[in-house]
Each structure stands twice: as structure tokens, then as C-alpha cells.
Number of protein chains: 2
Amino acid sequence: MNRETLVKNIKAKNSFLCIGLDTDINRIPAHLHKEKDPVFAFNKQIVDATIDYCIAYKPNLAFYEALGPKGLESLAKTMEYIPEEVFTIADAKRGDIGNTAALYAKTFYETYAFDSVTVAPYMGKDSVTPFLEYKDRWVILLALTSNSGSQDFQNLVLKETGDEVYKMVIKKSMTWADAKQLMYVVGATQASKLKEIRAIAPDHFLLIPGVGAQGGNLQQVVANGINSDCGLIVNSSRGIIYAGNDKDFAKAAKQAASKLQQEMRTYLDKI
Amino acid sequence: MNRETLVKNIKAKNSFLCIGLDTDINRIPAHLHKEKDPVFAFNKQIVDATIDYCIAYKPNLAFYEALGPKGLESLAKTMEYIPEEVFTIADAKRGDIGNTAALYAKTFYETYAFDSVTVAPYMGKDSVTPFLEYKDRWVILLALTSNSGSQDFQNLVLKETGDEVYKMVIKKSMTWADAKQLMYVVGATQASKLKEIRAIAPDHFLLIPGVGAQGGNLQQVVANGINSDCGLIVNSSRGIIYAGNDKDFAKAAKQAASKLQQEMRTYLDKI
């Protein structure tokens, strides 16, 4: 999906909500365990219930991989089910040398037909550029994450430039691709630093996880991060997909997604 | 596998060779494509031919994932086939927030029964510690990698301590686990920096990729990195598994592995 279509979708749906399909076989409602593929059955109902309120879905690969090969079957079926006009994010956080990165790009862009992949920056340019060879597919590079461990290395200050490591990741990677192919992960728990990131990267989309279960605040994120194209994709996983845990789980997910979308509409009305 | 067994295996086999099972469906000999599972058929013959000369196998997950769910079936069969007394490394370079990291640990240690996983440090402590909760399983943390992109972030100097980022990764992570559970990835192309790393982490095992196809030199690696327990696991992938490309490929792989093992024996004789 190209940037124009993504922005058009955000405006059409009055939403910049991404729903994280962190589908845990141990947390899905009991009645679904009778299905042949309980994970896919769950995802299908979540997609049906929420698609009017979100512009992206983000399966977290760990949840599928933990189930072995059959977990990847559930992922493949889920990806086939999600309509092409919805942006898809493989939350995989890959990062490896060039020939291996090229295979990961093939995996996510070709085998599973994702629009984008989250990528870890530690191994540098040649671990990222193979993903950029696909037209209208995106790299979402980890910059400043939402977890406590983000303090360990991302926030260390560099001698030469005085930048924190995460700022150097943004600055350097901006020379590898433009805002039509590159986004950054910035945790919602880091809202105060969003303003500084926007100063460095005014045009790039930012994928913001951590709203909800991890404690991030949507209003603060918007105040510091929105731009004229919206420029934000805000993810909620557990707060939506586990809003209910019985036969009405999809209805509960719909209500949770709708509530976030209504809040988002008020912010989008102002840009 | 615990450290004592790993060291015992190295001494018994006179080898610290790891063979990278970077099995590319497009590079395996044509006659294997008639098999039901060509990737597993290839791996099985490689293991049979090389097991006397190596102490570890390292499947690179990207090669299996690129084939979709059936690639993971080939991986599962390969892992079942490798005898328990050989150390196994999931070269997966994962790194995510705590609850996701816990699922990746489950995937590699339980679903596929690996002894160890390569982990990326960018997201910090809580992205690593869930892997350390498994007794006698290992984290192999990326420190200084073999690719050109290692210059982009790993080698930047920090203001507060004057350390390069990769040294801070080693120093900080040494407070999370000891040398019985934690190893580091140090590219063979970085042999000159191995001595500095050994000064910081005298006891830790180092996983050294990049010998062979990537240009690293074994003699230099040993000169700068060996310790009294050996402390090195040196990986070769393409140089061994693609030493031949016809019906005799396993024989060619055996010869390539044997040649490296013979060189390794001369180094081990001196410690």
C-alpha cells in the first residue's frame, strides 16, 4: 500500500487505529476451542467486528510462532482474510545481515503479503535496505520502544553528536529511505519525547504501541505527534481483542474499537 | 545443555565448529527436489555427514520462514533429527517486550527444543530476561556483528563511559546473567576487536559467524578469542553446506567440515 492510500483510508474511516492481533490460544473464549483452527476463528470474528473502526491490523508473530507450523497456518489464513484495502503490519522485529534480511522481506511481503514489517536497527543499514527494495511496502524501524528496557541502550547519549541512540537511529535511517517507505516505532509511554522526534522527522508515520495495557495516553500522543497527514498509527491489542472473554467477545471488541475511533475522529477533525 | 557438557563435547570432538543450516530451497541439489521434504532431506544428509566434526548446528530461521508453514515443518523435523548431545542454536535474532519475549522463548526452547537463541539487544533487559528463565538454555546476544552495518550503531561511542555501544551491551547484559547462560555474537570479520571483548568478558562463550563466505579468518579469531574452556563456537554455513552441489554434496560438506575441524584441533591442543 502506498502512502496516498494509507492517508486516504485514515480520512475515510476517521481513524488511525491499528488492532494488534496478539492472539493467545490460552486467552481466547472457550467455545472457540471446538473450531478446527481456533486462532483463525477468533481473528476472523475480530476482523469482522472491528474493520469499520481501524485502518490496520498488526499480528504479533510471536503468538503464531509459539504454536509451531500450525500457528503459521493460522497466520496465513488470517492474512488471506483481511481485505487488501486494510494496511497490515508484521510485528516481527527482524534484523539480520543482507542475504538473511532479503529472505525475511520475501517471507513477510511475498509469502504472507504484509504491507509492512517491524525491523530492529541494531545491525545497521544492510539489515534494513533489502526490505526497501519492494515498492509500496514499508519498513517500520524500532526507534524508541514502550518497555522499561528502552532505557538500557536506546536512551544512551552519544559522544560525537550528543544525540541519544534512538535519535541517531532515526537520523541515519532517514538517509536510507523517505517517508513513503519508512516509519518508526515510538512507544506511547514515551509521549514526552514524541515532540523531539517530530522535530527530526516531521513527515514520517509513527507506529505507536503501548496505548491501553501498557499505560500510554492517546491524547498526549496526538498532542505531540500528529501532523497534517495524521502521521500516526496507534495500536491497541489486548484492550480490544480481550475486551470480552465469552461468546460476545467480538461485540465487546467492536465497542472498544469504536470508542477509540470516536476519540480519534475528534483529533482528525482538527487537522 | 549446560556449560560443562558443551565444554566436554568440544574436548571430546576436538572441535568448536558450528554448522549453519542456512538451507536455501533454491540452492540444494536438483535430485533432492523429488523428495517429499527437500529441505529436511538435505539437512538430514548434512547432519549425517558432518556430525563427527562439529559440536553445534545453527538453523537460520529466515530460510525456513520464507517457505511458509511447511518450512517450519522442515525445521521441526530437522530439530527432531539432530541428536540431543549436539548443541543447537536458533539463529532468530528476536527482541521484543517481556510478554512477547516469553512467547519467543517458549517457541524456541519448548516448541522446537533448541538449546539457545540469538537475541537482539536494542529493546534492553526485559526483552532478554524471559529467555533466561529456562535452566540450561542460552541467550546468545548480538554484540558486534560481521556485516558492514555493524558500523552504523554498534560502533558509536557513548558520552558517559567512552564505550562503544556494543561494549555497553556486553557490560550491561553481564549483570543480567552469567557465563553459564549468556554468550555473545561477535563477527569473525571483527577479529581485531575480539581481544578487547575478551578483556571485558573473559569467561563467556562467543559465537563467531562470518568465517568463510563473509571473509573472517579462523586463526586470527583464535589468537584473540580463545580461553581455557575454548570459549568459542565458530560458525560456517555456506562454506560447508554448499561445498558441493550434486549427488555428492554431503561428501563435499563432510570434507569441508573435516578440514575446519582439523585446523581447530591444532588450536585446542594448545589450551
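Rules behind the numbers
Residues numbered from 1 in each chain as written. Chains lettered and ligands numbered in written order. Predicted model: local features only at pLDDT ≥ 70, side-chain atom pairs only at ≥ 80, totals over all residues. Heavy atoms only, no water. Pairing = 2+ DSSP bridges. Helix = DSSP H or I, 4+ residues; strand = E, 2+ residues; numbered from the N terminus. Axes fitted to C-alpha atoms, helices over the stretch in contact; angles between N-to-C directions. Least-squares fit on C-alpha atoms with pLDDT ≥ 70 in both. Contact = heavy atoms within 4.5 Å. Buried area = accessible area lost by both parts, 1.4 Å probe. Salt bridge = Lys/Arg side-chain N within 4 Å of Asp/Glu carboxyl O. Polar contact = N/O pair within 3.5 Å; in protein donor to acceptor, adjacent residues only side chain to side chain. Buried < 20%, exposed > 50% of the residue type's maximum accessible area, 1.4 Å probe, protein only. Core = buried A, V, L, I, M, F, W, Y, C linked by side-chain atoms within 4.5 Å. Lys, Arg positive; Asp, Glu negative; His and termini not counted.

Trainee: What should I look at first to understand the sheet that holds strand β7 (residues 206–208) of chain A in this one?
Mentor: Residues and elements named next belong to chain A. Taken in spatial order, the eight strands close into a barrel running β1-β2-β3-β4-β5-β6-β7-β8, and their pairing is parallel. The mean angle between the axes of side-by-side strands here comes to 30 degrees, regardless of whether they run parallel or antiparallel. Where strand β4 (residues 116–119) meets strand β5 (residues 138–144), four bridges bridge the pair, whose relative direction is parallel. Considered in β5, the bridge of Val117 is made with Val139.

Trainee: Is there a simple way to explain the relation of the copies chain B and chain A in this structure?
Mentor: Here the second copy of the chain follows from the first by a rotation about an axis and a shift along it. Once turned by 180 degrees and shifted 0.0 Å along the axis, chain B lies on chain A with an RMSD of 0.0 Å. Classification of the inter-copy transformation places it as that of a two-fold axis. In this assembly the copies share their binding face: 100% of the residues contributing to the interface of chain B also contribute to that of chain A.

Trainee: Explanation requested: the interface of chain B and chain A in the structure shown.
Mentor: Taken together, the contacts link 56 residues of chain B with 56 residues of chain A. Across the chain B/chain A interface, buried area totals approximately 4800 Å², and carbon plus sulfur atoms make up 61% of it. Considering only the surface of chain B that becomes buried against chain A, B:Pro69, B:Tyr122 and B:Phe153 emerge as the three largest contributors, covering 18% of it. On inspection of chain B and its partner chain A, the count reaches four salt bridges. With a shortest N-O distance of 2.9 Å, A:Asp96 and B:Lys93 are connected by a salt bridge. The interface formed by chain B and chain A includes 30 residue pairs in polar contact (both at pLDDT 80 or more). Among the elements of the structure, α3 (61–65), α4 (69–81), β3 (87–94), α5 (98–111), β5 (138–144) and α7 (165–173) of chain B are those that each provide at least two residues to the side of chain B that touches chain A. When residues of the side of chain B that touches chain A are assigned to their parent elements, the largest contribution, seven residues, is made by α5(B).

Trainee: Honestly, the pairing of strand β3 (residues 87–94) of chain A in this entry has me stumped. Any pointers?
Mentor: If a strand is regular, its side chains alternate between the two faces of the sheet. Residues and elements named next belong to chain A. Burial runs high along β3: eight of the eight residues are buried. Sheet topology places strand β2 (residues 56–59) next to β3; two bridges connect them, and they run parallel. Bridge pairing in β3 places Tyr57 opposite Thr88. Where β3 lies against β4, three bridges are found, and the strand directions are parallel. Counterpart to Arg94 in the pairing with β4 is Val119.

Trainee: Which parts of the structure should I look at to understand the nonpolar core?
Mentor: Soluble globular proteins tend to pack their nonpolar side chains together in the buried interior. Core analysis: the biggest nonpolar cluster contains 214 residues, and A:Phe16, A:Ile233, B:Phe16 and B:Ile233 have the highest contact counts within it. At nine residues, the largest contribution of residues to this core is made by helix α10 (residues 249–268) of chain A. Leaving out residues up to four positions away in the same chain, B:Ile233 has contacts with B:Leu6, B:Phe16, B:Cys18, B:Ile55, B:Ala56, B:Phe87, B:Met183, B:Phe205, B:Leu206, B:Leu207 and B:Ile208.

Trainee: How do you make sense of the side chain of B:Lys193 when you look at a structure like this?
Mentor: Assignment of secondary structure puts B:Lys193 in helix α8 (residues 191–200). For the buried B:Lys193, no salt bridge exists, and the shortest N-O distance to an oppositely charged side chain is 5.1 Å, to B:Glu164.

Trainee: Would you mind going over helix α9 (residues 218–225) of chain B with me for this structure?
Mentor: For an α-helix the count is 3.6 residues per turn, leaving residues at separations of three or four pointing the same way. Residues and elements named next belong to chain B. Listing the buried residues of α9 in full gives Leu218, Val221, Val222, Asn224 and Gly225. Packing partners of the buried residues in α9 comprise α8, β7 (206–208), β8 (232–236) and α11 (249–268). The N-capping residue of α9, defined by a side-chain oxygen 2.9 Å from the backbone nitrogen of Gln219, is Asn217.

Trainee: Looking at this structure, I do not really get the environment of A:Phe153. What am I missing?
Mentor: As for its placement among the helices and strands, A:Phe153 is situated in the loop between β5 and α6 (165–173). A relative accessible area of 3% places A:Phe153 in the buried class. In sequence terms A:Phe153 and A:Tyr166 are 13 residues apart; their C-alpha atoms lie 8.4 Å from each other. Setting aside its immediate chain neighbours within four residues, A:Phe153 contacts A:Val165, B:Pro121, B:Tyr122, B:Gly124, B:Met168, B:Val169, B:Lys172 and B:Trp176.

Trainee: Help me understand unusual backbone geometry in this model?
Mentor: Negative phi characterises most residues that are not glycine, and trans characterises most peptide bonds. The phi angle at A:Ala113 is positive, at roughly 60 degrees, despite the residue not being glycine. Located in the positive-phi region is B:Asn14, a residue other than glycine, with phi close to 50 degrees. Residue position: B:Asn14 is located in the loop between α1 (3–13) and β1 (17–21).

Trainee: Is there a simple way to explain the sheet that holds β1(B) in this structure?
Mentor: Pairing between sheet strands relies on hydrogen bonds along the backbone, with the strands arranged either parallel or antiparallel. All names here are of chain B. The sheet built from eight strands closes into a barrel, its strands ordered β1-β2-β3-β4-β5-β6-β7-β8 with parallel pairing. Looking at each pair of strands side by side, their axes are set apart by 30 degrees on average, direction ignored. Here α8 sits on the sheet and contacts β5, β6 (182–186), β7 and β8; the angle it forms with β7, its principal contact strand, is near 165 degrees. Against the sheet, α9 contacts β7 and β8, and its axis sits at roughly 165 degrees relative to β8.

Trainee: What should I look at first to understand the environment of B:Gly231 in this one?
Mentor: All names here are of chain B. Relative to the elements of secondary structure, Gly231 occurs in the loop between α9 and β8. With 225 residues separating them in the primary sequence, Gly231 and Leu6 have C-alpha atoms 9.9 Å apart. Setting aside anything within four residues of it in sequence, one finds Gly231 in contact with Arg198, His204, Phe205 and Leu206.

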